[in-house]
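Architecture at a glance
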Amino acid sequence: MQIEPQAFDRVLSSMCTEPHPAARDAAERFLATNPGDPGTYPNVSALEDDAISLLGEIAGLDDPAGYVTSGGTEANIQAVRIARERTDSRTPNIVMPESGHFSFQKAADLLGVELRIVPTDDRHRADLEAVRASVDEDTALVIGVAGTTEYGRVDPIPELGEIAQSSDAMLHVDAAWGGFVLPFTDYEWHFGHAAVDTMTIDPHKMGQAAVPSGGLLVRSPDLLDELAVDTPYLESTSQATLTGTRSGAGVASAVAAMETLWPAGYRSQYVRSQNNAEWLADALEKRGYRVADPTLPLVAADVPRSTFDALRAKGWRISRTATGELRVVCMPHVSREMLASFIGDLDRLEVRASVPVASDD
Ligand SMILES: Cc1ncc(COP(=O)(O)O)c(C=O)c1O
């Protein structure tokens, strides 16, 4: 029997979503192309330039450089690699708030740099004093997150930039998830707002492109030189990517999604997702749960483990934060009807839990 991909109608915790129809179509058309070999596949390679210009426009970068990665993990690893190549330190460290994505642990492991994890404040944002106390002359990179994985929070990016500059380190902003919603908020998060050197911004998350489509942006093209290796058997002379052969589908679908949706489509999607998050937060609060304020379209609430497990048993694809809260990401496929149905299931479970167990005595 052929296994079908699962439907999205109960998926509430993923940071991926159904691709936009234009993105899906482009992915199919470019499936058999490899932007890793631009001498052989020049069309998809030209499309990648378009992808980087569009990403640059979204992220406030006038003269953008970068490439379409396999996802946020690759972009984060490459950002750490650039910083490690740039520093003079023989024992480099990188400083990250505890809200940073686990991909930085992989990066630190692979690249042999020390990962210094600092606490967040009571709003789940990087604690600036803790960052200041952690940087030293061996710090190669300070990491800020613009849209954290667990609570959707935005670190104080300009201040992190100042701290990085004061210790001669670079600043990387991980906007893997937040990058396609933040342009419609007042947050200061991008290259135009702060001394950002590198950024992760993934079309395959809120950008509605097909997987695999991540993004690495760098403030100036010479930063990519830190990643480049010679490519003797290809017609192109060097390659800055981590993977060799790459998916042309990811590149083409990123361009198709961004050309279709930037900016008006993404703006209305943000408004819809944010309204849904606020509706869900309100519904959970009314039922007595403690909810972390959804500053971006992501809701975390302290639903008990037994309720969480019962909701999963009903087929809801939900996940928990490190401290055990229910986590719902209001991605484009998450509709108000889905959320209402989720709350309906929660109510039925609560009613059942509150019915006294019949006793034989
Ligand atoms: C903030 C952030 N950075 C990086 C990643 C890793 O992205 P990927 O899973 O595409 O490698 C994620 C994944 O959810 C994320 O939320």
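Note that this is a predicted model, so its numbers are computed, not measured.

1. So, the site of the ligand
- Around the ligand, the surrounding shell holds 13 residues, and the nearest of these are Thr73, Thr149, Asp174, His204 and Lys205.
- Contacts to the ligand include Asp174, whose side-chain N or O atom sits 2.7 Å from a nitrogen atom.
- Within the side chain of Lys205, an N or O atom sits 2.8 Å from an oxygen atom of the ligand.
- Relative to its free-state accessible area of 390 Å², the ligand is covered by the protein chains to the extent of 83%.
- It is helix α3 (residues 72–86) that contributes the most residues to the shell around the ligand, three residues altogether.
- Taken together, the residues that form the shell around the ligand break down as two nonpolar, eight polar and three charged.

2. Some thoughts on the sheet that holds strand β13 (residues 326–329)
- Judged by pairing direction, the sheet is antiparallel, and its four strands sit side by side in the order β10-β11-β13-β12 without closing on themselves. Edge positions in the sheet fall to β10 (291–292) and β12 (319–320), since each has one partner strand and no second.
- Pairing geometry for β12 and β13, over two bridges, is antiparallel. Paired with Arg320 across the two strands is Leu326, which belongs to β13.
- Lying over the sheet, helix α9 (residues 264–286) contacts β10, β11 (298–301) and β13, oriented at roughly 15° with respect to β11.

3. Quick word on the UniProt feature "modified residue: N6-(pyridoxal phosphate)lysine" (unreviewed entry) in the chain
- Those places that UniProt annotates as "modified residue: N6-(pyridoxal phosphate)lysine" (unreviewed entry) correspond, in this numbering, to Lys205.
- With respect to the helices and strands, the residue Lys205 is situated in the loop between β6 (198–200) and β7 (214–218).
- The residues contacting Lys205, other than those within four sequence positions of it, are Met15, Thr17, Gly72, Ala176, Trp177 and Met331.
- A polar side-chain atom of Lys205 sits 2.5 Å from a polar atom in the side chain of Asp202.

4. Observations concerning the nonpolar core
- Counting residues in hydrophobic clusters, the biggest one holds 85 residues, and the most contacted among them are Leu12, Val131, Trp189, Met199, Leu217, Met258 and Leu284.
- Of all hydrophobic cores here, the second largest spans 25 residues; its members include Ile77, Leu223, Leu224 and Ala240.

5. Examining the packing of aromatic side chains
- The full count for this structure, using the stated rule, is four aromatic pairs.
- Judged by centre distance (5.2 Å) and plane angle (80°), the rings of Trp316 and Phe342 are edge-to-face. Residue Trp316 is found in the loop between α10 (305–313) and β12, and its partner Phe342 is found in helix α11 (residues 336–354); the two are separated by 26 residues along the sequence.
- These aromatic residues form a ring-pair network of at least three members: Phe184, Trp262 and Tyr270.
- Directly above the aromatic system of Trp316 lies the positively charged group of Arg10, at a separation of 4.1 Å from the ring centroid.
- Of note, Arg320 hangs over the ring of Phe308, and the distance from its end group to the ring centre comes to 5.5 Å.

6. Focus on the layout of surface pockets
- What the largest pocket holds in volume is close to 400 Å³.
- Contributing to the lining of the largest pocket are 18 residues, with Glu48, Gly66, Tyr67, Thr241 and Arg246 lying nearest its centre.
- When contributions to the lining of the largest pocket are tallied by element, the ones reaching two or more residues are α2 (42–58), β1 (65–69), α7 (222–225) and β9 (238–239).
- Top element by residues in the lining of the largest pocket is α2. It accounts for four residues.
- Here the residues of the lining of the largest pocket sort into seven nonpolar, seven polar and four charged.

7. Examining the pattern of salt bridges
- Per the stated rule, a full pass over the model turns up 15 salt bridges.
- Note that Arg29 is salt-bridged to Asp25, the shortest N-O span being 3.6 Å. In this pair, Arg29 and Asp25 are both assigned in helix α1 (residues 21–29), four residues apart and thus about one turn of the helix distant.
- Between Arg86 and Glu226 there is a salt bridge, and its shortest N-O distance comes to 2.6 Å. Of this pair, Arg86 sits in helix α3 while Glu226 sits in the loop between α7 and β8 (229–230), and the two are 140 residues apart along the sequence.
- Assessed through its relative accessible area of 35%, Arg86 is described here as partly exposed.
- Counted as one network, the salt bridges with shared partners bring together Arg10, Asp345 and Arg348.

8. With respect to the side chain of Asn93
- With respect to the helices, strands and loops of the structure, Asn93 is situated in strand β2 (residues 93–97).
- In terms of polar contacts, Asn93 uses its side chain to reach the side chain of Asp136, at 3.0 Å.

9. Examining the sheet that holds strand β4 (residues 139–145)
- In space, the seven strands of this open sheet follow the order β1-β7-β6-β5-β4-β2-β3, with mixed pairing throughout. Only two strands of the sheet have a single partner each, and these edge strands are β1 and β3 (114–118). Here the average twist between neighbouring strands, direction ignored, is 20°.
- When β4 meets strand β5 (residues 170–174), the two strands line up parallel, connected through five bridges. Counterpart to Leu141 in the pairing with β5 is Met170.
- Of the strands in this sheet, β1, β2, β4, β5, β6 and β7 are in contact with α3, which crosses β5 at around 180°.

What counts, and where the lines are drawn
Residues numbered from 1 in each chain as written. Predicted model: local features only at pLDDT ≥ 70, side-chain atom pairs only at ≥ 80, totals over all residues. Heavy atoms only, no water. Near = heavy atom within 4 Å. Polar contact = N/O pair within 3.5 Å; in protein donor to acceptor, adjacent residues only side chain to side chain. Areas by Shrake-Rupley, 256 points an atom, 1.4 Å probe, with all protein chains shown as cover. Helix = DSSP H or I, 4+ residues; strand = E, 2+ residues; numbered from the N terminus. Nonpolar A, V, L, I, M, F, W, Y, C, P; charged D, E, K, R; others polar. Pairing = 2+ DSSP bridges. Contact = heavy atoms within 4.5 Å. Axes fitted to C-alpha atoms, helices over the stretch in contact; angles between N-to-C directions. UniProt positions renumbered as here; feature names shortened; annotations may be inferred. Core = buried A, V, L, I, M, F, W, Y, C linked by side-chain atoms within 4.5 Å. Buried < 20%, exposed > 50% of the residue type's maximum accessible area, 1.4 Å probe, protein only. Phe/Tyr/Trp six-rings, centres within 6.5 Å; stacked < 30°, edge-to-face > 60°. Lys NZ or Arg CZ within 6 Å of the ring centre and 35° of its normal. 1 Å grid on protein atoms, 1.4 Å probe; cavity = no way out; pocket = protein on both sides within 12 Å on 5 of 7 lines; lining within 4 Å. Points joined across faces, edges and corners; volume = space filled by probe spheres on them. Salt bridge = Lys/Arg side-chain N within 4 Å of Asp/Glu carboxyl O.

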